[in-house]
Each structure stands twice: as structure tokens, then as C-alpha cells.
Amino acid sequence: MRTALCLEPEINSKWHYAREMCVNDIVTIRDATAEIPVWDLMTLARIKKSYEDFGFRVPVLEGWIPMDNIKLGNPEGELELERVLAMIENMGALGIKVFCYSWMAVNGWLRTSMTTRLPGGARTTSYDHAIVEKDPRSSGKILVSEEQLWQTLEAFLERAIPVAEKAGVKLAMHPDDPPISPLLGVGRIMSSVENFERLLSLSDSPANGITFCQANFALMQDDLPATIRQLGRDGRIHFVHFRDMEGDVYRMHETFHGMGQIDMYECIKAYMDIGFDGVMRPDHAPVMWGEPNKHPGYEGLGRIYAIGYMRGLIEAAQAERKAG
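Participant: So what's going on with the overall build of the chain? Residues and values would help.
Facilitator: The helix and strand inventory of the chain stands at 11 helices and 12 strands. Each principal axis of the C-alpha distribution contributes one length, and for the chain these read about 50 × 45 × 45 Å. When each of the 324 residues of the chain is scored for burial, the buried share is 56%. The contacts in the chain between residues at least 6 apart in sequence include a share of 72% that link residues at least 24 apart. Here the chain displays about 13800 Å² of accessible surface, and carbon together with sulfur accounts for 52% of that area. Here the chain carries 34 positive and 45 negative side-chain charges, and the mean point of each set is 4 Å from the other.

What follows is the structure, encoded as C-alpha cells:
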């Protein structure tokens, strides 16, 4: 397995931090609402080349492309789908092997605070479902049902998997964040281990796989290493968000890596047990003193800490395995 950082395409201090730490693999990430035509080969090629010219490899593309109309089954979804399929073909042509996507419609990942203070003063993101329940949408009618989302997901995979297989690209589904359904009147289907088993059963293609975002899966059940072994038994965990937190599905906050309730070392050993050899990036690290909190969870210093911590865990697990 390889440690990586996610980097927006604009060169900034985080690019320099990554190179100075000898992080070779990066995940190219961008808010999908900012339209950049990555379905155009030359556009995606230029983005990839800008990372490579800085010394990085680009094995994963995360976000980037609007998909809400596909998820909702709207007429505009056909154009979005054509663009997604073209992007997957372009990824294959350029050697970008993993596409991280989600099936969260309308709301995306949700937090009720971006400035929660940890004991030492660092700022982190948190979620309190009691606040969300006060929103009028929480007591209104269901605007998007879970069944509707399963139908659109099946239709998407039917079109996307053959293209991904031909391109040599793996689709990696991210869990709902938080894994609660419904949320503000919208159903969520990637919110349980059982539903991820259902996702995998929709197609046994190796192209149909998972982004294992640890904190979300930890909110679904108690034994995270067992879930890694369960869902990764046939090699379809394609990408990992290495993340820690405290709380439960209704009230949680993110912590520094190794300071929450997840047994991070046992998770590393579980990834080794399933033979995971892909990319693992730290996710949602707290924001430290002097940082602007412009990108909550995605500033630089907390993720520098995380990379060192992750490397130490991997080295320790490798030594334990060698000695054992």
C-alpha cells in the first residue's frame, strides 16, 4: 500500500509539503461544482501533466465531475453520463487507474460545524444530527427515495462498468457521509455494510469496487478491521481514506489520526491481510494554528502529521509480520 495526499490542481504550499516528505502519489481532487471539462482528453492530460512536472504520480481522480442528475434520474443525466464515460476513457488513456465517486444526491457530505475545537485548540469538523432534525426538510416528505437511488445506480453501473473494464479503470464507491438515511428529505443508500455488499453483487466485475472511508464505515458497525476483511476479500477495495473520529452516527467529530476511537494499527494489518496494494490518503485532518480553514479538513499541517503516523504504522505492521 502507498501513502498519498489529495491535492487541488492549483500549486500551493501543500504541493511543496508533499514533495518535501517524498510523497510520490497524489489524488487529484476538486469540488465537482466547479466545472472543468475533464471529459476532454487534452484538459485532463494538462491537469495530469502539471502534477507530473512537479514530481508526482496520479493514480486516483476524486470528485471533479457533476453527477447529481445521473443519481436523480433527471433528463440532464444523459449528458452527465456521456461526460463521465468520456472521462473514464480518458483516464484509461492517461494511466489514471481509479475513479472515486459517491451516490450522495443533493446534499453530499454534511457537517453542522467546521470550527469545533479539539482539546489542544485545533479546529475540526463535526456533525450533530439533533441540529439537522430541526431543519424543516427533515420532517417533510421524502424527495428522493432509496429505491430511486438504487435504480439509478444500477443503470449507471450497467453503462459505466463495460467502459471502465475496457479502459482499465476501477470505480471506487465512497460511503455516505454521514451514513444516515434519509437526510434532509433525501434517501442515502451507501450507508450500511449490507448495502455495500449489495453494491458488489450488482456486478462481480473487478471494476466495481469501493473507496473504504474508514470513519464512515466505523459509524456503520463496531469491528472495522473485520469489515475491511469482509468487503476486501476479493480485492475490490480500490482506494482508502485513512481517517479517525470520535462519537457515533448521530453525533461525531473528527480527530487527529490515532487520537480517536478507531484502532488504526489493526486497520493497517487488515489491509495487509487482504493484500491491498493501492493508494491510501489521510482524510479530514484538523486545522492547526496559523492555517486559514479555507478548506476545512483539508489544510496542510494536520495531514503532514497523518502521513508520518501512517508510515510509522505500516513500518511497524511490516516488522510484526516479518517477525511473526
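Participant: So what's going on with the packing of aromatic side chains? Residues and values would help.
Facilitator: Inspection of every chain in the model, using the stated rule, returns 14 aromatic pairs. Centroid distance Tyr101 to Trp103: 6.2 Å. Interplanar angle 90°. Geometry classified as edge-to-face. Relative accessible area serves as the criterion here: at 3%, Tyr101 is assigned to the buried category. Of note, Arg198 hangs over the ring of Trp150, and the distance from its end group to the ring centre comes to 3.9 Å.

Participant: How would you explain the pairing of strand β7 (residues 170–174) if you had to name every residue and give the values?
Facilitator: In terms of burial, β7 is largely enclosed, as 4 of its 5 residues are buried. Inspection of the sheet shows β7 paired to strand β8 (residues 208–213) by 3 bridges, in the parallel sense. Looking across to β8, one finds that Leu171 is bridged to Asn208. Taken together, β7, helix α7 (residues 193–202) and β8 form a β-α-β motif whose crossover is right-handed.

Participant: Quick one: what's the story with the sheet that holds β8, residue by residue and with numbers?
Facilitator: Taken in spatial order, the 8 strands of this closed barrel run β1-β2-β3-β4-β7-β8-β9-β12, and their pairing is parallel. When the angles between neighbouring strand axes are averaged without regard to direction, this sheet yields 30°. As paired elements, strand β2 (residues 25–30) and strand β3 (residues 57–63) share 5 bridges and run parallel to each other. Residue pairing for β3: Arg30 is matched across the bridge by Gly63. Against the sheet, α7 touches β7 and β8, its axis set at about 155° to β8.

Participant: Tell me about the packing of helix α2 (residues 41–53) against helix α4 (residues 77–94), residues and numbers included.
Facilitator: For the pair α2 and α4, the least separation of the axes is 10 Å and the interaxial angle reads 45°. On the basis of the axis angle, α2 is oblique to α4. By crossing handedness, the relation of α2 to α4 is classed as right-handed. Where α2 approaches α4, its residues Leu41, Leu44, Ala45 and Lys48 are matched on the opposing element by Met87, Asn90, Met91, Ala93 and Leu94. Residue composition of the contact of α2 with α4, by class: 7 nonpolar, 1 polar and 1 charged.

Participant: Tell me about the packing of helix α9 (residues 224–231) against helix α10 (residues 264–273), residues and numbers included.
Facilitator: Two elements in contact, α9 and α10, have axes whose closest approach is 9 Å; the angle formed by their N-to-C orientations is 15°. Here α9 lies roughly parallel to α10, going by the angle between them. Along this stretch, α9 crosses α10, giving a crossing that reads as right-handed. Residue-level contacts link Leu224, Pro225, Ile228 and Arg229 of α9 to Glu266, Cys267, Lys269, Ala270, Tyr271 and Asp273 of α10. For the contact of α9 with α10, the per-class residue count stands at 6 nonpolar, no polar and 4 charged.

Participant: Tell me about the environment of Met104, residues and numbers included.
Facilitator: Summarising the element assignment, Met104 is placed in the loop between β4 (98–102) and β5 (113–117). In this structure the C-alpha to C-alpha distance between Met104 and Leu301, which are 197 residues apart in sequence, comes to 29 Å. Those residues in contact with Met104 that sit more than four places away from it in its chain are Asp68, Lys71, Trp109, His174, Pro175, Asp176, Asp177 and Arg188.

Participant: Go over a negative patch on the surface with me, naming the residues and quoting the values.
Facilitator: A cluster of acidic residues, Glu146, Glu147, Glu154 and Glu158, forms a negative patch at the surface. Tracing the backbone shows Glu154 in helix α6 (residues 146–167). Residue class for Glu154 comes out partly exposed when judged on its relative accessible area of 37%.

Participant: Any chance you could break down α9 for me, citing the residues and the numbers?
Facilitator: All of the buried residues along α9 are Leu224, Pro225, Thr227, Ile228 and Leu231. One face of α9 carries all of its buried residues, which in axial projection span an arc of 160°.

Participant: Tell me what's going on with the sheet that holds strand β6 (residues 123–128), and back it up with residues and numbers.
Facilitator: In spatial order, the strands read β5-β6-β11-β10; together these 4 strands make up an open sheet with antiparallel pairing. Among the strands making up the open sheet, the edge pair consists of β5 and β10 (245–248). Between one strand axis and the next, the sheet turns by 30° as a mean value, whatever way the strands run. Note: β6 against strand β11 (residues 251–254), 3 bridges, orientation antiparallel. Along β11, the bridge assignment pairs Tyr127 with Met252.

Participant: Please provide a residue-by-residue account of the side chain of His241, values included.
Facilitator: Within the element layout of this structure, His241 appears in strand β9 (residues 237–242). A distance of 3.2 Å separates polar atoms of two side chains, one belonging to His241 and the other to Arg281. The contact partners of His241, leaving out residues within four places of it in the chain, are Glu62, His174, Thr211, Phe212, Cys213, Gln214, Arg281 and Asp283.

About the cut-offs
- Residues numbered from 1 in each chain as written.
- Predicted model: local features only at pLDDT ≥ 70, side-chain atom pairs only at ≥ 80, totals over all residues.
- Heavy atoms only, no water.
- Helix = DSSP H or I, 4+ residues; strand = E, 2+ residues; numbered from the N terminus.
- Buried < 20%, exposed > 50% of the residue type's maximum accessible area, 1.4 Å probe, protein only.
- Contact = heavy atoms within 4.5 Å.
- Areas by Shrake-Rupley, 256 points an atom, 1.4 Å probe, with all protein chains shown as cover.
- Lys, Arg positive; Asp, Glu negative; His and termini not counted.
- Charge placed at Lys NZ, Arg CZ, Asp CG, Glu CD.
- Phe/Tyr/Trp six-rings, centres within 6.5 Å; stacked < 30°, edge-to-face > 60°.
- Lys NZ or Arg CZ within 6 Å of the ring centre and 35° of its normal.
- Pairing = 2+ DSSP bridges.
- Right-handed = clockwise from strand over helix to strand, strands pointing away.
- Axes fitted to C-alpha atoms, helices over the stretch in contact; angles between N-to-C directions.
- Parallel < 35°, antiparallel > 145°, perpendicular 65-115°, else oblique.
- Left-handed = near helix turned anticlockwise from the far one by under 90°.
- Nonpolar A, V, L, I, M, F, W, Y, C, P; charged D, E, K, R; others polar.
- Patch = residues over 30% accessible without salt bridge, like charges linked within 9 Å, V, L, I, M, F, W, Y side chains within 5 Å.
- Salt bridge = Lys/Arg side-chain N within 4 Å of Asp/Glu carboxyl O.
- Arc of directions from axis to C-beta.
- Polar contact = N/O pair within 3.5 Å; in protein donor to acceptor, adjacent residues only side chain to side chain.

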